[in-house]
Each structure stands twice: as C-alpha cells, then as structure tokens.
Amino acid sequence: MRVTVHLAVLKAPCGIVWVIEEQDRVGWAYGTLPGHPESGEESFLLERLPDGRAKVTITVFSRPGSLLTRLGGPLVTLTQRLFLRLYARALDLYAKPADDKDQMM
C-alpha cells in the first residue's frame, strides 16, 4: 500500500514495508518513497505484555532525502522529535479506557 502525507505544501510519499498481526502483537512499518523529503523507515509495534500492560515501540531511522532537509539540519531533527511525541500522545489517548477519554475532553 502507498500513502502520501501532506504537510502544508510538503508531500511525503511512503509505502507499507511490513504488517504484523498476532494475538499479542500488532504493528506496521512504512518506508519513504521517491519524492519524500527524508529517506528512511518508521515502525510502530503494540504488544500486550504477560501482566496485561501494553507496550508501544516506535522505531525510526532516516537521513536527509533532499537538499531542503540537508539544509534544515537541526530543525528537521526537532520536527521529527515533535512528530514522535505526537504519535506517542495519540497512542496513549487511544489506549486509555473510555471513561478516561471522556474526562479528558
């Protein structure tokens, strides 16, 4: 499957690299495609631990894929960290019981 994320005028085409769907583990990874400002992959894995708790692992590796991201240097790294925090926050909100979600809104 191919997806394109749009951020303002920036387009980031990606392709799903793998998907895992097991009893206590689900996840996926996507890799960048030509035209993406970065070159790399991100994976998202959700596991149910033996004690019933959930564990989320997000793995990212990338390098600049365009002149724009090479020139962006530290700003690009900060943007990637911001997105990782947003991913983690969204997963945390999604994983909370319904009662907790209602109280947060």
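Residues numbered from 1 in each chain as written. Predicted model: local features only at pLDDT ≥ 70, side-chain atom pairs only at ≥ 80, totals over all residues. Heavy atoms only, no water.

## A look at the sheet that holds strand β4 (residues 38-48)
Strands sit in the order β1-β2-β3-β4-β5 across an open sheet of five strands; the sheet is antiparallel. The open sheet has two free edges, formed respectively by β1 (2-7) and β5 (54-64), since each of these has just one partner strand. Neighbour-to-neighbour, the strand axes of the sheet open up by a mean angle of 20°, direction not taken into account. The sheet contact formed by strand β2 (residues 10-22) and strand β3 (residues 25-32) spans eight bridges and is antiparallel. Note that in β3 the partner of Trp-18 across the bridge is Ala-29. (Pairing = 2+ DSSP bridges. Helix = DSSP H or I, 4+ residues; strand = E, 2+ residues; numbered from the N terminus. Axes fitted to C-alpha atoms, helices over the stretch in contact; angles between N-to-C directions.)

## Considering the pairing of β1
Here β1 runs beside β2; their pairing, made up of six bridges, is antiparallel. Of the residues in β2, the one forming a bridge with Leu-7 is Leu-10.

## Overview of the pattern of salt bridges
Counted under the stated rule, the structure contains three salt bridges. Taking the shortest distance from any N to any O, the salt bridge between Arg-48 and Asp-24 comes out at 3.2 Å. Within this pair, whereas Arg-48 is found in strand β4, its partner Asp-24 is found in the loop between β2 and β3, the two being separated by 24 residues in sequence. Under the relative-accessibility criterion, Asp-24 is labelled partly exposed at 36%. For Arg-53, the salt bridge is made with Asp-51, and the minimal N-O distance between the two is 2.7 Å. For Asp-51, a relative accessible area of 51% corresponds to the exposed category. (Salt bridge = Lys/Arg side-chain N within 4 Å of Asp/Glu carboxyl O. Buried < 20%, exposed > 50% of the residue type's maximum accessible area, 1.4 Å probe, protein only.)

## Quick word on the packing of aromatic side chains
Tallied over the entire structure, the rule returns four aromatic pairs. An angle of 25° between the planes, with centres 6.2 Å apart, marks the rings of Tyr-30 and Phe-44 as stacked. Linking Tyr-30 in strand β3 with Phe-44 in strand β4, this pair joins segments that are 14 residues apart in sequence. The pair Tyr-30 / Phe-44 is uniform in exposure class, with both members buried. For the pair Phe-83 and Tyr-87, a centre-to-centre distance of 6.5 Å together with 55° between the ring planes defines the contact as tilted. One end of the pair is Phe-83 and the other is Tyr-87, both in helix α2 (residues 74-95) and four residues apart, which spans about a single turn. The class for Phe-83 is partly exposed, based on a relative accessible area of 28%. Residue class for Tyr-87 comes out partly exposed when judged on its relative accessible area of 25%. (Phe/Tyr/Trp six-rings, centres within 6.5 Å; stacked < 30°, edge-to-face > 60°.)

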